[in-house]
Amino acid sequence: AQQASVPARKRTTQTKRKSLVNNKARVVHSEESYDPYLGMESHRRLAEHSMSMLHETKCTKGIELPDFNGNDWPALYRLTSPNPEAPKQANFAQGITSSLNKGTVDPQVLAMAGVTYQYIDPTGYDYPNATAAVPWSPPEGGNNDNIVQQLRDENDYQYADIIVVNDFIPKFWDEHLHEATTIRYMLDGTGYFDLRDVDDEWVRIPVSAGDWFEWPAGIEHRFTVDENDYIQAMRLNKGSASPEWTAVSRSVVDGNNTARNEYIDTYLCGVDPDAAVPMDDNIDTKDNSTPDADDTPALTDSDGCRDNNCPPPRSPTGQPSEGGEKEGDTDRDNGANANSVFMFSSLAGFAGLLALQSM
């Protein structure tokens with residue numbers, strides 16, 4: 001009743017505070033009397049100013065590439081499905097050819113996600129002939145590649161091994177990350193690496209002899225041989241100690257992995273694709289790839305399955321394996337596969353089998 005006796009134009013306002021999203025600035029309205037209509041106009045102007053500041057501080061996912069040249073990269077593709085029924089098949093989505101006239105995805109899409117590439121022809125150098133060597137060192141007095149050795153010296157890639165994969169391995173196909181930089185050099189054969197771009201979409205890389213890829217710790221990826229069922233690759237690691245090659249499945253990360261969190265902060269504007277929160281308005285989510293028929297957002301359903309698609313593990317022919325695969329299965333946890341056949345040199349033996357924990 002007392003408030004009603006005070007004229008509307010003379011009412012004293014309560015102190016109002018509004019926090020802006022990114023710059024933490026606070027605007028405080030004084031307790032002086034003001035015309036409510038003029039107050040509405042002030043709020044409108046304040047809102048316009050706030051939006052202007054937000055646009056100025058907008059975060060763009062990925063890293064800047066001022067001098068990027070992707071001419072040497074292999075063709076890159078979107079997939080026909082996030083989880084192809086027959087992973088060993090090409091599964092290339094039809095779309096507009098990239099600006100480099102090969103594939104449907106511009107290489108800078110992966111480069112922005114921290115992936116680097118170069119071609120180093122392994123032909124003529126002394127590498128094991130279609131066999132594994134765990135670990136591997138250049139043979140003394142052999143015909144060794146000086147370019148590879150220079151990269152190893154400059155980056156402290158003291159440890160190296162060579163593995164051979166000649167069948168589909170479910171553990172490699174399970175989406176995972178590594179907690180150290182991944183360095184892979186293809187010596188022979190062919191296969192497919194699938195990597196997530198900064199928009200959490202798959203990009204398929206058909207790899208073959210001469211492809212040298214590196215990508216940062218924390219990026220999600222997977223691997224499969226193609227229908228030729230054979231690839232020989234060198235794995236490198238910083239330091240001289242034998243690495244564990246631990247593969248951390250995306251299904252168990254749950255925001256508690258340091259390498260993944262650092263990747264998210266560096267490349268994804270601090271926004272975890274798996275977090276159950278709405279996208280912040282100040283993040284630029286524009287698609288950096290060439291548009292194609294498969295450019296649809298990746299989703300996670302209530303059961304935690306990626307892309308609303310949770311197929312059972314499949315055999316190399318694309319048929320579901322009997323009974324599927326359950327969490328805790330010995331084969332899955334240990335990375336073993338009774339149907340997989342591995343080729344190792346006589347020197348690698350059982351040690352090579354133990355080392356084959358991640359592609």
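Refer to the structure presented above.
Below is a short write-up of the structure. Sequence order sets the numbering: in each chain, residues are counted from 1 along the sequence as written. At least 70 in pLDDT is required for a residue's local features to be given in this predicted model, at least 80 for side-chain atom pairs to be given and counted, and no such filter applies to totals for whole chains, interfaces and linings, which use all residues. Side-chain measures here rest on the full set of heavy atoms in the structure, leaving out hydrogens and waters.

### Focus: helix α6 (residues 258-267)
Burial classification: accessible surface area is computed with a 1.4 Å probe over protein chains only, and a residue below 20% of its type maximum counts as buried, one above 50% as exposed, and the rest as partly exposed. A run of H or I in DSSP counts as a helix once it spans at least four residues, and a run of E counts as a strand once it spans at least two, with each numbered from the N terminus. Residues of α6 that are buried include every one of A259, R260, Y263, I264 and Y267, and no others. Each buried residue of α6 lies within a common arc of 135 degrees when the element is viewed along its axis, so the set occupies one face. Set apart from the buried face of α6 by more than 90 degrees, the exposed residues are T258 and D265. The inward-facing, buried residues of α6 contact β6 (176-177) and α5 (250-253). The N-cap of α6, judged by a side-chain oxygen 3.1 Å from the amide nitrogen of A259 a few residues on, is N257. Two residues or fewer after α6 comes C269, characterised by a positive phi angle close to 60 degrees. Taken from the helix axis, the directions to the C-beta atoms give the arc we talk about. In this description, contact between two residues means that some pair of their heavy atoms is separated by no more than 4.5 Å. Throughout this description, a polar contact denotes any pair of N or O atoms lying within 3.5 Å of each other; where both atoms belong to protein, one of them has to be capable of donating a hydrogen while the other can accept it, and for residues adjacent in sequence the pair is counted only when both atoms sit in side chains.

### Quick notes on the pattern of salt bridges
Opposite charge on two side chains allows them to pair when their charged atoms are near. Each salt bridge in this description consists of a side-chain nitrogen of Lys or Arg and a carboxyl oxygen of Asp or Glu lying within 4 Å of one another. Per the counting criterion, the structure on display carries eleven salt bridges. The closest approach of N and O atoms between D197 and R78, which form a salt bridge, is 3.0 Å. Pair noted here: D197 is in the loop between β7 (182-196) and β8 (202-208) and R78 is in the loop between β3 (59-60) and α2 (108-111), with a separation of 119 residues, a long-range link. For the pair formed by D197 and R78, the shared burial category is buried. Here R196 and E175 are joined by a salt bridge, their closest N and O atoms 2.9 Å apart. Within this pair, whereas R196 is found in strand β7, its partner E175 is found in the loop between α4 (170-173) and β6, the two being separated by 21 residues in sequence. The exposure classification of R196 matches that of E175, with both residues buried. Put simply, E175, R196, D200, R250 and D274 are held in one network by salt bridges that share partners.

### Re the state of the cysteines
Here, the term disulfide refers to a pair of cysteine sulfur atoms separated by no more than 2.5 Å. By the definition in use, this model includes one disulfide. Linked covalently through their sulfurs, C59 and C269 form a disulfide whose S-S length is 1.9 Å. On the sign convention where negative is left-handed, the bridge of C59 and C269, at about -90 degrees about the S-S bond, is left-handed. Residue C59 is located in strand β3, and its partner C269 is located in the loop between α6 and β13 (283-284); the two are separated by 210 residues in the primary sequence.

### Details of the packing of aromatic side chains
Ring geometry is summarised as follows: Phe, Tyr and Trp rings, the Trp one being its six-membered ring, pair when their centres sit within 6.5 Å, and such pairs are stacked at plane angles under 30 degrees, edge-to-face over 60 and tilted between the two. Counted by the stated rule, this structure contains 15 aromatic pairs. Ring geometry for F193 against F223: centres 4.8 Å apart, planes inclined by 50 degrees, an arrangement best described as tilted. Residue F193 is found in strand β7, and its partner F223 is found in strand β10 (residues 221-225); the two are separated by 30 residues along the sequence. Overall, the relative accessible area of 1% leaves F193 in the buried class. Taken together through their ring pairs, the aromatic side chains of F68, W73, Y117 and F213 make up a single cluster. Here the basic side chain of R222 rests over the ring of W202, its NZ or CZ set 4.0 Å away from the ring centre. Geometrically, a charge over a ring is one whose NZ (Lys) or CZ (Arg) sits within 6 Å of the ring centre while staying within 35 degrees of the ring normal.

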